Amino acid sequence: MPIIELKDVRKTFRSPQGLPVTAVDGVSLSVERGETLGIIGESGSGKSTLGRLILRLIEADSGTIMLEGEDIRQLSKAQLRKRRRRWQIVFQEPFASLNPRLTIRQIVEEPLIVAKTYGSRAERLSKVTATLEEVGLSREFLNRRPANLSGGQQQRVGIARCLVTDPTLVVLDEPTSSLDLTIRASILRMLAELQLARGLTYVFVSHDIETVRHFCSSVAVMHRGKFVETGSTDDVLSNPQQAYTQALMAAAMPPIPYTPGERAATV
Ligand SMILES: Nc1ncnc2c1ncn2[C@@H]1O[C@H](COP(=O)(O)OP(=O)(O)OP(=O)(O)O)[C@@H](O)[C@H]1O
């Protein structure tokens, strides 16, 4: 059974002028456990909206969204809150998504308090410390605040906050776009290792084709709210069938072609 299954999902917003903007227009998809689905497309194509719909962070207008066999559009708010810890998201801007007034310990501990998973303070502290270690941050970080961390460290905290409740499924919404190239590579490598160690399923929203090529097992190309091409990453990116995918790839071509070895080193 796929861990994620969407059928004909739609979402229309209103523009500030009151006009309808269809951000997601009849999307169907299926992701198996342990896989990484990349969603690529130009700015405004609907990628982030789709990522949020999958986790019901925003409400779809129509369609079916099944996560781990449950129709999440049918869950009550209380039922959804209980399952939240299994279905998490990492945002693009780590600093904006971390409360600047809280310490790193408080930030990573918060989902445990909300989920009521770990009873005692001591149990929570040991879970927070172990999760921070998993993302490469020592105990020294516990009492620091986000402003005292580098961008890469802030994103590690964002990832720890998402992992602390032991999720099964994580939406990564451009998690490395705001970071320097070298930091980006180390975060992506860490995410790949965490996926293997924990058996995680990822949905990876990105506009960067080269990152998707190395990080994702399958890919969906999105244009104006629709999937124009889907398949294994190798098939779609080595031999794109649709004119839109070809144009997207041509626009993203690096000026100097990488050798395969150099490509591997970028991730
Ligand atoms: N809350 C909202 N209210 C009104 N319109 C919205 C809202 N959220 C998204 N949109 C519109 O929906 C469309 C898709 O936006 P979305 O952010 O999903 O695209 P995207 O592919 O993720 O773009 P980007 O790569 O720039 O983040 C855009 O036209 C956007 O302006």
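Going by the annotation in an unreviewed UniProt entry, the name recorded for the protein chain is ATP-binding cassette domain-containing protein, with Paenarthrobacter aromaticivorans given as the source organism.

A. Broad picture of the overall build of the protein chain. Within the protein chain one finds eleven helices and ten strands. The C-alpha radius of gyration computed for the protein chain amounts to 19 Å, which stays within 12% of the reference 18 Å derived for 267 residues, consistent with globular compactness. Taken over the C-alpha atoms alone, the protein chain extends approximately 55 × 50 × 40 Å along its principal axes. Buried residues in the protein chain amount to 36% of all 267 residues. Put simply, of all contacts in the protein chain between residues at least 6 apart along the chain, 68% involve residues at least 24 apart.

B. Local environment of the sheet that holds strand E8 (residues 201–206). Pairing is mixed in the open sheet, where six strands are placed in the order E6-E7-E8-E3-E9-E10. Taken across any chain shown, the strands that pair with only one partner, and hence form the sheet edges, are strand E6 (87–90) and strand E10 (226–232). For this sheet, the mean angle separating the axes of adjacent strands, direction not counted, is 15°. As paired strands, strand E7 (residues 169–173) and E8 are joined by five bridges and run parallel to one another. Each bridged residue has a counterpart across the sheet, and for Leu169 the counterpart in E8 is Thr201. Packing against the sheet, helix H6 (residues 151–163) makes contact with E6 and E7, and its axis sits at approximately 175° to E6. Across the sheet, helix H10 (residues 243–252) touches strand E9 (218–223) and E10, and the angle it forms with E9 is around 95°.

C. Representation of the UniProt feature "domain: ABC transporter" (unreviewed entry) in the protein chain in the model. UniProt tags residues 4–249 as "domain: ABC transporter" (unreviewed entry). The straight-line gap between the two end C-alpha atoms of residues 4–249 is 27 Å; of that span, 39% is helix and 26% is strand.

D. Representation of helix H5 (residues 121–134) in the model. Compared with an ideal rise of 1.5 Å per residue, which puts 14 residues at 20 Å, H5 spans 20 Å between its outermost C-alpha atoms and is within 8% of the ideal. For H5, every residue scored as buried is listed here: Val128, Thr131 and Leu132. Looking down the long axis of H5, one finds its buried residues gathered within 100° of arc, a one-sided arrangement. Facing away from the buried surface of H5 by more than 90 degrees, the exposed residues are Ala122, Glu123, Ser126 and Ala130.

E. Structural context of the sheet that holds strand E4 (residues 62–67). Ordered in space as E2-E1-E4-E5, the four strands form an open sheet in which the pairing is antiparallel. Strands with a single pairing partner mark the edges of an open sheet, and in this sheet they are strand E2 (20–31) and strand E5 (70–71). In terms of strand pairing, strand E1 (residues 4–14) meets E2 through nine bridges, oriented antiparallel. Considered in E2, the bridge of Ile4 is made with Val31.

Reading the values: rules and limits
Residues numbered from 1 in each chain as written. Predicted model: local features only at pLDDT ≥ 70, side-chain atom pairs only at ≥ 80, totals over all residues. Helix = DSSP H or I, 4+ residues; strand = E, 2+ residues; numbered from the N terminus. Rg over C-alpha atoms; globule rule 2.2 N^0.38 Å. Buried ≥ 20, exposed ≤ 12 C-beta atoms within 10 Å, placed from the backbone. Contact = placed C-beta atoms within 7 Å. Pairing = 2+ DSSP bridges. Axes fitted to C-alpha atoms, helices over the stretch in contact; angles between N-to-C directions. UniProt positions renumbered as here; feature names shortened; annotations may be inferred. Expected span 1.5 Å × (residues − 1). Arc of directions from axis to C-beta.

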